[in-house]
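Topology and contacts: notes
In case you want the letters, here they are:
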Amino acid sequence: MPSPGLLVLFGSQTGTAQDVAERLGRDARRRRLDCRVQALDSYSVVNLINEPLVVFVCATAGQGEPPDNMKNFWRFIFRKNLPSTSLCQMDFAVLGLGDSSYAKFNFVAKKLYRRLLQLGGSALLPLCLGDDQHELGPDAAVDPWLHDLWEKVLWLYPVPPDLGVIPTGVPLPSTFSLHFLLEAPRMCSEEQHGASTDPQGPPSEQQPFLAPMVTNQRVTGPSHFQDVRLIEFDITGSGLSFTAGDVVLIQPKNRASDLWRFCQALGLDPDQYFTLQPREPGVPCPAQLPQPCSVRHLVAHYLDIASVPRRSFFELLACLSPHELEREKLLQLSSPQGQEELYSYCNRPRRTILEVLCDFPHTAGAIPADYLLDLIPLIRPRAFSIASSLLAHPLRLQILVAVVQYQTRLKEPRRGLCSSWLASLDPGQGPVYVPLWVRPGGLTFPETPDTPVIMVGPGTGVAPFRAAIQERVARDQTGNFLFFGCRWRDQDFYWEAEWLQLERKGCLMLFTAFSREQERKIYVQHRLRELGPLVWDLLDRQGAYFYLAGNAKCMPADVSEALASVFQEEGGLSGPDAANYLARLQRTLRFQRDHRFPVTLCHICVPCHKVHGLGSGWRSARTRAPGGGGPQPAQALPASILESLSNKLWALRGSF
């Protein structure tokens, strides 16, 4: 029986699902199967009825949402008018990637699997549920599932006996070939490639808008441990439009020092130019790369050499290594048995691709340039909540950026690629342009003028709520309640003067928690408990919407627990009823959370009526900060503040 074409479709938010999909593609080619690997939204879904063999690799984003690059497919596949025999000719398999500490663990993969069966598809094997909380990560489920998958596929479509399986240690042909030019082209505007200060259409990832940076101001005190920046861009002529809750995506670049180290390790000339040619027909060249392109541009703008490498990186690097000892070590790190060692070597200390290449110098120096784009992932854009409203700041876009820098056991501090790059830009020294575009965010605010909103945004989590408050105030929407928390009033109280001015005008009610200004730490969840009667009244009697954003690990769980406590104490609900009440708020979008923050969404478990946060598994425990411990009980608000608050509420009761 002739082998069919295997189609691998992926929906990926952070790149993990794409990495697994590409691994599937490599494994298929080793078994002599023609294979295409595509993002779901780049595939013409109407052709699905003609596909005999499809593997879907899907992550779950946010609270059960499909990743951005499969949303169009998601809407199509769930059309009610699709016949139940649409996919009767298809054999399929679904591999899901998720985190079991989230309420809707692998929701997208589970729902897709059921839908494919409804449309007549035949499942080759049961659904695979990769779990990031497992001690070995998703591979604990993925590795045995792939073994079973290939047994099924090869039983249906055996490898031709005259060819055989390509051994693991033999590198597959590279996706592209790089042809170096003898001399640089006379004219090349690669720095502006794809991006424009005068876009012909709406700015996008393929054509970002080069936004002039207007200001780059540090807004934390000089003695504060973290550098936080308020950055403003001029978007005149961009065609950009956004509302509260939307996000801006920014395409960063690597540091010049890292570029030079990389080129030195691989023996590359940064000033040499090349053209890129796909080895197989139908494979497009990366849209982000100009033709011709310099090595400098490739490394600075495309190759994510500052990211932590995945297992697939070590697999390919081992194939390319001519050095026996280095090759042996790389094979160990890429093997199923070596995953704990790989975690200790790479993930725990956050060792970067560049640092790994420097640790394996003989291998790095022998990497063929053709394999660079197979070996190293592209730099992904970073999303930031927009912190301003066009109604308050026309033709401007502002973001609040916490510069990421921390220490592991490695000598060199770990730095966030995008935040560090943005912090290094100084528009006072000359024109600075940043490639960006806008997309809808995960928060939507009510348009009715009399619907109150409760916003809980500690730290930089307050950014989307500043945009929302500016927008609502400009539209004369009242009932704005903000719970803000930080360490010190005089160090990291973002937009203090603005909040206080809005309070004096009666446009805002502000509740603060400064965690380090008293013996026992006070957080926003403590203020929610103290103001339980107000919170319950707003939610239950006035139909308020509740919003949560922030990047503290335990904060979402603590806020959920505080709300459950308020529901029981002020609403007289039982534990199960309080859990169901919160779940109903979530279903009706009256409880929303910004899911872009890298924290585990915590949820109330209906069966045991408790709030759960990070998984209790060993994988979570080993990444937990030393010293741990939950927050200490809060001190009660002084009577004078409570009395003042009561007076404010009475004065404003007619406004919301």
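Residues numbered from 1 in each chain as written. Predicted model: local features only at pLDDT ≥ 70, side-chain atom pairs only at ≥ 80, totals over all residues. Heavy atoms only, no water.

Digging into the overall build of the protein
- Across its full length, the protein carries 22 helices and 24 strands.
- Taking all 656 residues of the protein together, 52% fall into the buried category.
- The long-range share in the protein, meaning contacts at least 24 apart out of those at least 6 apart in sequence, stands at 76%.
- With an accessible surface of roughly 30,000 Å², the protein has 52% of that area assigned to carbon and sulfur atoms. (Helix = DSSP H or I, 4+ residues; strand = E, 2+ residues; numbered from the N terminus. Buried < 20%, exposed > 50% of the residue type's maximum accessible area, 1.4 Å probe, protein only. Contact = heavy atoms within 4.5 Å. Areas by Shrake-Rupley, 256 points an atom, 1.4 Å probe, with all protein chains shown as cover.)

A short note on the UniProt feature "binding site: FAD" (unreviewed entry) in the protein
- Residues given the UniProt feature "binding site: FAD" (unreviewed entry) here are Arg-350, Arg-382, Ala-383, Phe-384, Ser-385, Gly-416, Leu-417, Cys-418 and Ser-419. Annotated residues from the preceding list that form part of the lining of the second largest cavity: these are Ser-385.
- Mapped onto the fold, Ala-383 is located in strand β13 (residues 382-385).
- Residue Ala-383 is classed as partly exposed on the basis of its relative accessible area of 24%. (UniProt positions renumbered as here; feature names shortened; annotations may be inferred. 1 Å grid on protein atoms, 1.4 Å probe; cavity = no way out; pocket = protein on both sides within 12 Å on 5 of 7 lines; lining within 4 Å.)

Some remarks on helix α16 (residues 496-504)
- Regarding α16, the residues found buried are Trp-499, Leu-502 and Glu-503. In a view along the axis of α16, the buried residues occupy a sector of 105°, so they form one face of it. Residues Ala-497 and Arg-504 are exposed on α16 and point more than 90 degrees away from its buried face.
- In the segment just after α16, Gly-506 is the residue with positive phi, at about 80°. (Arc of directions from axis to C-beta.)

As for helix α18 (residues 532-541)
- Of the positions making up α18, those classed as buried are Gly-532, Leu-534, Val-535, Trp-536, Leu-538 and Leu-539.
- Positive backbone phi, at 70°, marks Gly-543, one or two positions downstream of α18.

Comments concerning the nonpolar core
- Phe-262, Leu-298, Leu-303, Phe-313, Phe-314, Leu-357 and Leu-372 are the most contacted members of the largest nonpolar core, which has 43 residues in total.
- Sorting elements by how many residues they give to this core places helix α7 (residues 311-320) first, with 6 residues.
- In this structure Phe-262 touches Leu-268, Val-299, Leu-303, Ile-305, Leu-354, Leu-357, Leu-372 and Ile-376, once residues within four positions along its chain are discounted.
- Ala-402, Ala-468, Trp-499 and Ala-549 belong to the second largest nonpolar core, which has 29 residues in total. (Core = buried A, V, L, I, M, F, W, Y, C linked by side-chain atoms within 4.5 Å.)

Focus: the pairing of strand β8 (residues 209-218)
- Sheet topology places β8 next to strand β17 (residues 433-439); 4 bridges connect them, and they run antiparallel. From the neighbouring strand, Leu-210 faces β17, where its bridge partner is Pro-435.
- In terms of strand pairing, β8 meets strand β9 (residues 228-234) through 5 bridges, oriented antiparallel. Its bridge partner being in β9, Gln-217 is matched across the sheet by Leu-230. (Pairing = 2+ DSSP bridges.)

What to know about empty space enclosed by the protein
- Taken as a whole and judged by the stated rule, the model has 2 cavities of 30 Å³ or more.
- Contributing to the lining of the second largest cavity are 10 residues, with Gly-245, Ser-385, Gly-442, Leu-443 and Asp-594 lying nearest its centre.
- Broken down by class, the residue content of the lining of the second largest cavity amounts to 3 nonpolar, 4 polar and 3 charged. (Points joined across faces, edges and corners; volume = space filled by probe spheres on them. Nonpolar A, V, L, I, M, F, W, Y, C, P; charged D, E, K, R; others polar.)

Notes on the sheet that holds β17
- Taken together, 6 strands build an open sheet; the order of strands is β13-β10-β17-β8-β9-β14 and the sheet is antiparallel. Edge positions in the open sheet fall to β13 and β14 (396-402), since each of these has one partner strand only. Within the sheet, the average angular offset between the axes of one strand and its neighbour, ignoring direction, is 40°.
- Taken together, the 4 bridges between strand β10 (residues 247-250) and β13 define a ladder with antiparallel strand orientation. Within the sheet, the bridge partner assigned to Val-248 lies in β13 and is Phe-384. (Axes fitted to C-alpha atoms, helices over the stretch in contact; angles between N-to-C directions.)

Quick word on the pattern of salt bridges
- Per the stated rule, a full pass over the model turns up 25 salt bridges.
- With its nearest N and O atoms 2.8 Å apart, the salt bridge here joins Arg-23 to Asp-143. Here Arg-23 is found in helix α1 (residues 16-30), whereas its partner Asp-143 is found in helix α4 (residues 139-156), with 120 residues between them in sequence. Across this residue pair, the class does not change: Arg-23 and Asp-143 are buried. (Salt bridge = Lys/Arg side-chain N within 4 Å of Asp/Glu carboxyl O.)

With respect to the side chain of Ser-177
- For Ser-177, the position within the fold is in strand β7 (residues 176-180).
- Here the side chain of Ser-177 touches His-179 through a polar contact of 3.0 Å, side chain to side chain.
- Setting aside residues up to four positions removed in sequence, Ser-177 forms contacts with Thr-275, Leu-276, Gln-277, Arg-279 and Asp-370. (Polar contact = N/O pair within 3.5 Å; in protein donor to acceptor, adjacent residues only side chain to side chain.)

Regarding the packing of aromatic side chains
- Inspection of every chain in the model, using the stated rule, returns 17 aromatic pairs.
- With centroids separated by 6.4 Å and ring planes inclined at 20°, the aromatic side chains of Tyr-545 and Tyr-547 adopt a geometry described as stacked.
- For Tyr-545, a relative accessible area of 22% puts it in the partly exposed group.
- Members of the aromatic cluster, connected to one another through ring pairs, are Phe-484, Phe-493, Tyr-494 and Phe-514.
- Sitting over the ring of Phe-107, Lys-104 keeps its end group 5.0 Å from the ring centre.
- We note Lys-111 situated over the ring of Phe-78; from NZ or CZ to the ring centre the distance is 4.9 Å. (Phe/Tyr/Trp six-rings, centres within 6.5 Å; stacked < 30°, edge-to-face > 60°. Lys NZ or Arg CZ within 6 Å of the ring centre and 35° of its normal.)

Details of the packing of α1 against α7
- Here α1 crosses α7 at 35°, and the two axes come no closer than 10 Å. Contacts between α1 and α7 pair Asp-19, Arg-23, Arg-26 and Arg-30 from the former with Arg-311, Ser-312, Glu-315 and Cys-319 from the latter.
- Considered class by class, the residues forming the contact of α1 with α7 number 1 nonpolar, 1 polar and 6 charged.

Here's the deal with the confidence of the model for the protein
- A residue-level look at the protein finds 88% of positions with pLDDT of 70 or above and a mean pLDDT of 86.
- When the criterion is pLDDT under 50, residues 597-656 qualifies, and its contacts beyond four places in sequence or with other chains add up to 117 contacts. (pLDDT = per-residue confidence, 0-100.)

Overview of the packing of α7 against helix α8 (residues 324-334)
- Contact pair α7 / α8: the axes reach a minimum separation of 8 Å and the direction vectors enclose 150°. Viewed along their axes, α7 and α8 adopt a mutual orientation that is roughly antiparallel. When you trace α7 past α8, the crossing you get is left-handed. When α7 is examined against α8, the residues Arg-311, Phe-314, Glu-315, Leu-317, Ala-318 and Cys-319 are found in contact with a partner set consisting of Arg-327, Leu-330, Leu-331, Leu-333 and Ser-334.
- Taken together, the residues of the contact of α7 with α8 sort by class into 7 nonpolar, 1 polar and 3 charged. (Parallel < 35°, antiparallel > 145°, perpendicular 65-115°, else oblique. Left-handed = near helix turned anticlockwise from the far one by under 90°.)

A few points about the environment of Ser-204
- With respect to the secondary-structure elements, Ser-204 resides in the loop between β7 and β8.
- Judged by its relative accessible area of 24%, Ser-204 is partly exposed.
- In this structure the C-alpha to C-alpha distance between Ser-204 and Leu-240, which are 36 residues apart in sequence, comes to 10.0 Å.

As for the sheet that holds strand β20 (residues 509-514)
- Strand order in the open sheet formed by 5 strands is β20-β19-β18-β21-β22, with parallel pairing between adjacent strands. Because the sheet does not close on itself, it has two edges, and the strands there are β20 and β22 (591-593). Strand-to-strand twist of the sheet, defined as the mean angle between neighbouring strand axes without regard to direction, takes the value 15°.
- In this sheet, β22 lies alongside strand β21 (residues 545-548) in parallel orientation, the contact comprising 3 bridges. Bridge pairing links Phe-546 to Phe-591 in β22.
- Of the strands in this sheet, β18 (453-456), β21 and β22 are in contact with helix α19 (residues 555-571), which crosses β21 at around 155°.

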